[in-house]
Amino acid sequence: MRKKIIVANWKLNSNIKNISIFLKNLKLNISSYLKYNTVVIAPSTIYLERVYKKINNLNVFLGAQDVNLNKKGAFTGETSILMLKDVGVKYVIVGHSERRLFHNESNELIAKKFSLIKNSYLIPILCVGESKDEKRRNQTKEIIKNQLNTIFELLGEKAFINSIIAYEPIWAIGTGLSADPVYVESINKFIKDYINHYSSNNLEEIIVQYGGSINSKNAQSFLQKPNIDGLLVGSASLDYKEFLEIIKISNDILCK
Ligand code: 13P
């Protein structure tokens with residue numbers, strides 16, 4: 001198995017004091033767990049630079065939670081891709097279900113953001129996944145296909161080279177009810193097969209993570225699966241003990 005990628009999505013959480021405690025403990029403990037892991041931390045925009053200064057020499061990477069489509073200008077309250085690059089961001093989460101829901105982000109807008117991120121030589125982490133109703137109606141694969149298709153239409157068959165996909169079923173986010181790892185393995189395999197089918201070349205390197213109510217108790221059951229290439233962790237990533245434990249579990253699996 002190749003390296004797993006573990007991403008902390010802090011969403012609209014934390015503060016200077018807690019970030020300082022988190023990063024101090026990360027620094028003390030993380031070095032031995034990075035052999036088989038790529039670790040990314042995505043704090044709120046206002047803390048990006050602060051986090052970057054502390055993780056830069058630890059081999060841990062900085063992620064952003066969103067980006068505006070415009071590179072500069074009169075767009076009050078927004079953050080551009082140039083600003084993200086300027087403060088050390090390497091990965092950008094795009095299409096998270098919370099942005100689709102609370103900011104009405106469409107597949108078309110998300111595809112444009114995805115393209116902007118790639119054209120700026122950063123790595124997009126594209127979130128895809130179905131709602132509870134869509135799952136009940138057996139529409140999961142259709143929903144994911146649509147989410148991927150708009151990106152293929154804009155960027156062509158090589159769209160998903162140097163990018164990451166995170167399968168995050170909406171019903172599993174923040175509910176404490178993670179999906180069944182066997183189910184996730186089958187959906188992640190479906191995503192890889194679909195991308196390979198769409199692109200004529202065999203994209204061995206497609207990376208598909210899982211996200212939704214991950215914690216140190218359930219992480220192992222997901223990380224053991226061959227087509228779950230990492231985790232996008234929400235609330236458990238705010239607690240340094242939990243997050244470090246998840247990274248350790250991932251490292252231990254791949255050490256064996
Ligand atoms: P939780 O881990 O809090 O369910 O959040 C998952 C998520 O949305 C990560 O992007």
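Just above, that's the structure.
Given the structure is predicted, the values throughout are model-derived calculations rather than measurements.

Okay, the nonpolar core next. Ranked by size, the top nonpolar core spans 68 residues in total, and within it Leu26, Ile41, Leu148, Phe160, Ile191, Tyr210 and Leu231 carry the most contacts. If we ignore the near neighbours within four places in the chain, the residues touching Phe160 are Phe114, Lys118, Leu126, Leu148, Ile151, Phe152, Ile165 and Ile195. Core analysis: the next-biggest nonpolar cluster, separate from the first, contains eleven residues, Val7, Tyr91, Ala166 and Leu232 among them.

So, about the pattern of salt bridges. Inspection of the entire model under this criterion finds eleven salt bridges. With its nearest N and O atoms 3.2 Å apart, the salt bridge here joins Asp66 to Arg99. Taken together, the residues span a long stretch of sequence, with Asp66 in the loop between strand E3 (61-64) and helix H3 (81-86) and Arg99 in helix H4 (residues 97-102) at a distance of 33 residues. Between Lys248 and Asp252 there is a salt bridge, with the nearest N and O atoms lying 3.0 Å from each other. Of this pair, Lys248 and Asp252 both sit in helix H10 (residues 240-255), four residues apart, roughly one helical turn. Where salt bridges share partners, they join Asp66, Arg99, Glu105 and Lys113 into one cluster.

For the pair helix H5 (residues 107-119) and helix H7 (residues 140-155), interaxial distance at closest approach is 9 Å and the crossing angle is 50°. With respect to each other, H5 and H7 are oriented oblique. Read as a crossing pair, H5 and H7 show a hand that is right-handed. Facing Asn107, Glu108, Ala111, Lys112, Phe114, Ser115 and Lys118 of H5, the residues of H7 in contact are Asn146, Gln147, Thr150, Ile151, Leu154 and Leu155.

Moving on, we come to the site of the ligand. Around the ligand sit 13 residues in total, of which Lys11, His96, Glu168, Gly174 and Ser213 are the nearest. Interatomic distance of 2.9 Å between a backbone N/O atom of Ser235 and an oxygen atom of the ligand. Surface burial for the ligand is 97%, taken as the share of its 310 Å² of free accessible area covered by protein chains. Residues that form the shell around the ligand fall into these classes: four nonpolar, seven polar and two charged.

The eight strands are arranged E1-E2-E3-E4-E5-E6-E7-E8 in a closed barrel whose pairing can be described as parallel. Along the sheet, successive strands turn relative to each other by an average axial angle of 25°, direction set aside. Here E3 pairs with strand E4 (residues 89-94) via three bridges, running parallel. Looking at the pairing, Gly63 lines up with Tyr91 of E4.

We now examine the pairing of strand E6 (residues 164-167). Because side chains alternate across E6, one face comprises the buried residues Ile164 and Ala166, and the other comprises Ile165 and Tyr167, equally buried. Both strand E5 (residues 123-128) and E6 contribute to a ladder of four bridges, which runs parallel. Counterpart to Ile125 in the pairing with E6 is Ile164. As defined by bridge partners, E6 adjoins strand E7 (residues 207-211) across four bridges and the pair is classed as parallel. Following the sheet pairing, Ile165 is matched in E7 by Val208.

This paragraph deals with the packing of aromatic side chains. Under the definition given, this model contains eleven aromatic pairs. Centre to centre, the rings of Phe190 and Tyr194 are 6.1 Å apart; their planes meet at 20°, and the pair counts as stacked. Here Phe190 pairs with Tyr194, and both are found in helix H8 (residues 181-198), just four residues apart, close to one helical turn. Aromatic ring contacts, followed pair by pair, group Phe114, Phe152, Phe160, Phe190, Tyr194 and Tyr198 into a single cluster. One Lys or Arg, Lys135, reaches over the ring of Tyr183 and ends 4.7 Å from the middle of that ring.

Attention shifts here to the packing of helix H1 (residues 16-29) against helix H2 (residues 48-55). It is at 10 Å that the axes of H1 and H2 come closest, and there the two elements cross at 20°. Classified by the angle their axes make, H1 and H2 are roughly parallel. Here H1 and H2 pass one another in a crossing that is right-handed. Contacts from Ile16, Ile19, Leu23 and Leu26 of H1 reach H2 at Arg50, Val51, Lys54 and Ile55. Class assignment for the residues of the contact of H1 with H2 results in six nonpolar, no polar and two charged.

What counts, and at which threshold
Residues numbered from 1 in each chain as written. Predicted model: local features only at pLDDT ≥ 70, side-chain atom pairs only at ≥ 80, totals over all residues. Heavy atoms only, no water. Core = buried A, V, L, I, M, F, W, Y, C linked by side-chain atoms within 4.5 Å. Buried < 20%, exposed > 50% of the residue type's maximum accessible area, 1.4 Å probe, protein only. Contact = heavy atoms within 4.5 Å. Salt bridge = Lys/Arg side-chain N within 4 Å of Asp/Glu carboxyl O. Helix = DSSP H or I, 4+ residues; strand = E, 2+ residues; numbered from the N terminus. Axes fitted to C-alpha atoms, helices over the stretch in contact; angles between N-to-C directions. Parallel < 35°, antiparallel > 145°, perpendicular 65-115°, else oblique. Left-handed = near helix turned anticlockwise from the far one by under 90°. Near = heavy atom within 4 Å. Polar contact = N/O pair within 3.5 Å; in protein donor to acceptor, adjacent residues only side chain to side chain. Areas by Shrake-Rupley, 256 points an atom, 1.4 Å probe, with all protein chains shown as cover. Nonpolar A, V, L, I, M, F, W, Y, C, P; charged D, E, K, R; others polar. Pairing = 2+ DSSP bridges. Phe/Tyr/Trp six-rings, centres within 6.5 Å; stacked < 30°, edge-to-face > 60°. Lys NZ or Arg CZ within 6 Å of the ring centre and 35° of its normal.

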